[in-house]
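# Breakdown of the fold
Here is what each chain is made of, one letter per residue.
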Amino acid sequence: MIAIIAIIVALIVVGALAVVVARRRQHRVPPPLAAPPMPEVLVSEPVPRPVLEDAVAPSLRQRLGSSRGVFDRVRALGTRGALSDDVLDVVEEVLLRSDVGVTTTDAIVAQLRTQGAPEGVATALRDILRGSLDRARDVRDQADEGRVAVWLFVGVNGVGKTTTIGKLATRLTAQGRSVVLAAGDTFRAAAADQLALWGERAGADVVRATEGADPGSVIHDALGRAASRGADILLADTAGRRANSTNLLDELRKVRRVADREPGEVVETFLVLDATTGQNALNQAREFLAAAAVTGIVLTKLDGTARGGIVIAIERELEIPVKFVGVGEGAHDLVPFDPDGFVDSLLEA
Amino acid sequence: MFDTLTTRLERLGSSLRSRGRLSDADLDEALAEVRAALLEADVELSVVRSFLEAVRERVAGSSLNQSLTPGQYVIKAVHEQLIEVLGGTTLKITYASRPPTVVLLAGLQGAGKTTAAAKLAQWFKQQGRQPLLVGADLQRPAAVEQLRVLGAQIGVDVVSGSGTPVEVARRGVDEAVRLGRDVVVIDTAGRLAIDEALMREVREISAATAPHYTFLVIDAVTGQDAVATARAFHEALALSGVIATKLDYDARGGAVLSARGVVGRPVVFASTGEKLQDFDLFHPDRMASRILGMGDALSLIEQAERTMDAAVVAESAGRLMSGTFTLDDFLAQLNQVRRMGSLGGLMRLMPGVTKEMRAAAANVDDGELNRVEAIIRSMTPRERRDPSVIDGSRRSRIARGSGTTVNAVNQLLRQFGEMRKMMRQMGNGTAPVMPGGRGRPVPTPRQTGSGAEVPAGFEALAAGMRARGSRGPAKGKKKGGRVTPPKQR
Ligand SMILES: Nc1nc2c(ncn2[C@@H]2O[C@H](COP(=O)(O)OP(=O)(O)OP(=O)(O)O)[C@@H](O)[C@H]2O)c(=O)[nH]1
Ligand SMILES: [Mg+2]
């Protein structure tokens, strides 16, 4: 209850403001003519303005004057030892354009500056990036004796949670595991249908409830089903949710608790992140880590032009390892994360 | 977390204040802050560059105003430039003389097209039109099913069917003609801009249905890739405009600026939540404030205007400032505020609010507000007027009556007392003056108790509004569905 009063006062002030503004408007502005019942015009009176379009700088590649990667370009700068501002500017640009973010980019550039580049800047940069990604990435798929291993999937709307579950289910059944899917997204329209179609493709059992049902109870039922059929792994979908809502995160906490109760044991909680996401991904990781004890990241949509550099910041700051990457919409478009390949792709911008 | 650009520049402003004018070095320093903030907001790098150039020119081209600190001066220039870029060109939606008016939606996977399609159909319906939804996303499992469920919720028919997406879309338009529907909204599968086959397909859909409007649906949390995506879709489809989604996320939404800058077409609609009613025309000034981290005071004020009872608010606001606020007033206010929506949602819009306070507000649920209300309702009229008469035995009576604990009653009374004191101090110092007026901005209490502190956002906002003329926040306000565009010089 601590902040209620302060909050309400704040809002009252705004309310008061609105009233006074409304009054002033009444004084100044003649009453509007009766509004036409049906607007023919949504927004009118186009106003010419300078278009940014023309002002947009040429692409990095053009700027660098060759079709080769920055890596080559940087190497061509031939710098050894101390680094010039020009070189550091190129490095900065590469990192920013990959969504690594200002803070992390500044830190990396500063590190390069002090450390120098005895083996050339490309190598030095690669080493720093690779160093940021230096952690264990094994995936737990076994629970304790007598328990059902649970993988829980969390993330914001539309990042690819359900698709990732479909892909992983395909992978696991192909390995001969018996898999149950829990349609824990009871919020979005037709989310369970979507998962059911994936279950069919993968040959996995799907447990679902009606829309609006309690997600915890779906997971509870799915655990029951998995245990009674002797299935060895349960993949649990959850509804996409924004990461700035305590209520939604609390709901997720509850879901996780249910999934971790006998006979279930949550062995992995995957945060699904969309590679096209910018700096907000760091917030997402922070909030979902706190609410659901995330153990790994699945980075999706790396088949596009986005580089997903924000995971560098996430791994450095929050130490959550990326475990899988999504590279398409098909059942087989999911691969284990390869840090070396990832760093190369960042530098090939 | 990081400070907002506004606070950073304000701070910079005070160190520059004494010098009275903005030197080149000062400006460079300020622009470096602006650059970092824009990048932090995910504005694309080349868009940032041209933006900074424009701000520099803006600052250089005008003489310094005595009433603004140099920091505020830069904020004002940035704010103006943001509004110019976000809102310059506006879109005119007219309906085809030979219906139906065809609207095509396209975008990346997961951008929110299907939900946006339903919301847009609902919007047309509210405009008195008879829309038809066409489900041409045959790629994602159950996408059509999702659209059908949403269509049923808003009472709009959905057609889809077998065949290729091109065939389905064409049939959809034919169906609209047959049914006499005057607007068709076509949902398409998500696709990557570099997927040539799928980009060809969406071009074919466009050729087959000859849309009057083609909108790119773009996720507000998109990073640097927003530019490449927007450009590719624009080249393929000649976009009429952009629909920004997921603006309820705690993101600055620089992607909207990037896409806007590159495509040169207006952002027309904004989607701000999962519910079907969370959809409205896009307001450039509000987006500008978001990117600056100033909160969204305009939306808040508008929401207040829509839902609050002006007389009630004005009366108790007056008493609030003079320190004679009673628990009755408080109760009345509480009900006004509750009519506006969830506290968490409202606090997100509030400028000058700390992250902690936002988090606290997000945690306040209905049950908690009900308890507060129950406690006050369990008091006698005299107790509500003068809480100082409430002694121990009265406290336990109130706790029993409201089904709460003495502890909760104590807490409420203590906070109420503190708030009254705080407001009295504030009332003595400054009379509230509206943005758009000449005087000082409205103080907003902060949780920290340093109640008289003025939120930076408001000051800048006030400055921005002064600069844009005396129309105040009435600008761009919806009247019966009609929107007056923000005027540019
Ligand atoms: N290109 C590409 N598309 C992907 C990838 N992963 C998922 N998608 C697509 O992204 C869209 C959203 O995926 P979903 O699996 O529905 O995402 P979600 O997180 O379950 O979404 P909600 O349940 O609505 O929160 C779908 O169109 C998927 O096909 C990927 O790695 N690459
Ligand atoms: Mg899903």
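That block above? That's the structure.
About the thresholds
Residues numbered from 1 in each chain as written. Chains lettered and ligands numbered in written order. Predicted model: local features only at pLDDT ≥ 70, side-chain atom pairs only at ≥ 80, totals over all residues. Heavy atoms only, no water. Helix = DSSP H or I, 4+ residues; strand = E, 2+ residues; numbered from the N terminus. Buried < 20%, exposed > 50% of the residue type's maximum accessible area, 1.4 Å probe, protein only. Areas by Shrake-Rupley, 256 points an atom, 1.4 Å probe, with all protein chains shown as cover. Pairing = 2+ DSSP bridges. Axes fitted to C-alpha atoms, helices over the stretch in contact; angles between N-to-C directions. Contact = heavy atoms within 4.5 Å. Phe/Tyr/Trp six-rings, centres within 6.5 Å; stacked < 30°, edge-to-face > 60°. Lys NZ or Arg CZ within 6 Å of the ring centre and 35° of its normal. Near = heavy atom within 4 Å. Polar contact = N/O pair within 3.5 Å; in protein donor to acceptor, adjacent residues only side chain to side chain.

So, about the overall build of chain B. Helix and strand counts for chain B come out as 21 helices and ten strands. Across the 489 residues in chain B, those meeting the buried criterion constitute 62%. Here chain B has roughly 18400 Å² of accessible surface; of this, 47% comes from carbon and sulfur atoms.

On to the sheet that holds strand E7 (residues 322-326) of chain A. Residue and element names in this part refer to chain A. Within the open sheet, the eight strands sit side by side as E3-E2-E4-E1-E5-E6-E7-E8. Their pairing is mixed. The open sheet has two edge strands with one neighbour each: strand E3 (205-207) and strand E8 (334-336). Going across the sheet, the axis of each strand differs from the next one's by a mean of 25 degrees, ignoring polarity. Bridge count for strand E6 (residues 296-300) against E7 is three bridges, and the pairing is parallel. Counted as the bridge partner of Leu-299 is Val-325 from E7. Its contacts with the sheet place helix H12 (residues 280-292) against strand E1 (148-154) and strand E5 (264-274), and it is angled at close to 170 degrees to E5.

So, on to the pairing of E5 of chain A. When a strand is regular, its side chains alternate between the sheet's two faces. All names here are of chain A. Most of E5 sits out of view: eleven of its eleven residues are buried. As paired strands, E1 and E5 are joined by seven bridges and run parallel to one another. From the neighbouring strand, Val-148 faces E5, where its bridge partner is Gly-264. In the sheet, E5 pairs with E6 via five bridges, with the strands oriented parallel. Residue pairing across strands places Asp-274 opposite Thr-300, the latter belonging to E6.

Right, let's talk about the packing of aromatic side chains for a bit. Under the counting rule described, the total for this entry stands at eleven aromatic pairs over all chains. Aromatic pair Phe-330 of chain B and Phe-416 of chain B: ring centres 6.1 Å apart, planes at 70 degrees, arrangement edge-to-face. Highlighted residues: Phe-330 of chain B in helix H14 (residues 327-340) and Phe-416 of chain B in helix H20 (residues 406-429), separated in sequence by 86 residues. No difference in accessibility class separates Phe-330 of chain B from Phe-416 of chain B, as the two residues are buried. Connected via pairs of aromatic rings, a cluster forms that spans Tyr-95, Trp-123, Phe-124, Tyr-213, Phe-215, Phe-269 and Phe-279 of chain B. The ring centre of Trp-198 of chain A lies 4.4 Å from the NZ or CZ of Arg-201 of chain A, which sits over that ring. Just above the ring of Tyr-95 of chain B sits the side chain of Arg-129 of chain B; from NZ or CZ to the centre is 3.6 Å.

Around ligand 1 there are 24 residues in total, and Lys-161, Thr-162, Thr-163, Arg-188 and Glu-329 of chain A lie nearest to it. Nearby residues around ligand 1 are contributed by chains A and B. For ligand 1, an oxygen atom lies 2.9 Å from a polar atom in the backbone of Gly-160 of chain A. Val-327 of chain A places a polar main-chain atom, nitrogen or oxygen, 3.5 Å from an oxygen atom of ligand 1. When the free accessible area of ligand 1 is taken as 650 Å², the share hidden by the protein chains comes to 96%. When residues in the shell around ligand 1 are grouped by element, the largest group, four residues, is from helix H8 (residues 161-174) of chain A.

Residue and element names in this part refer to chain B. Its location among the elements puts Arg-191 in the loop between strand E4 (183-188) and helix H8 (196-209). Overall, the relative accessible area of 0% leaves Arg-191 in the buried class. Of note is the side chain of Arg-191, whose polar atom sits 2.7 Å from the backbone oxygen of Leu-198.

Function cannot be read off these values alone, since they describe shape.
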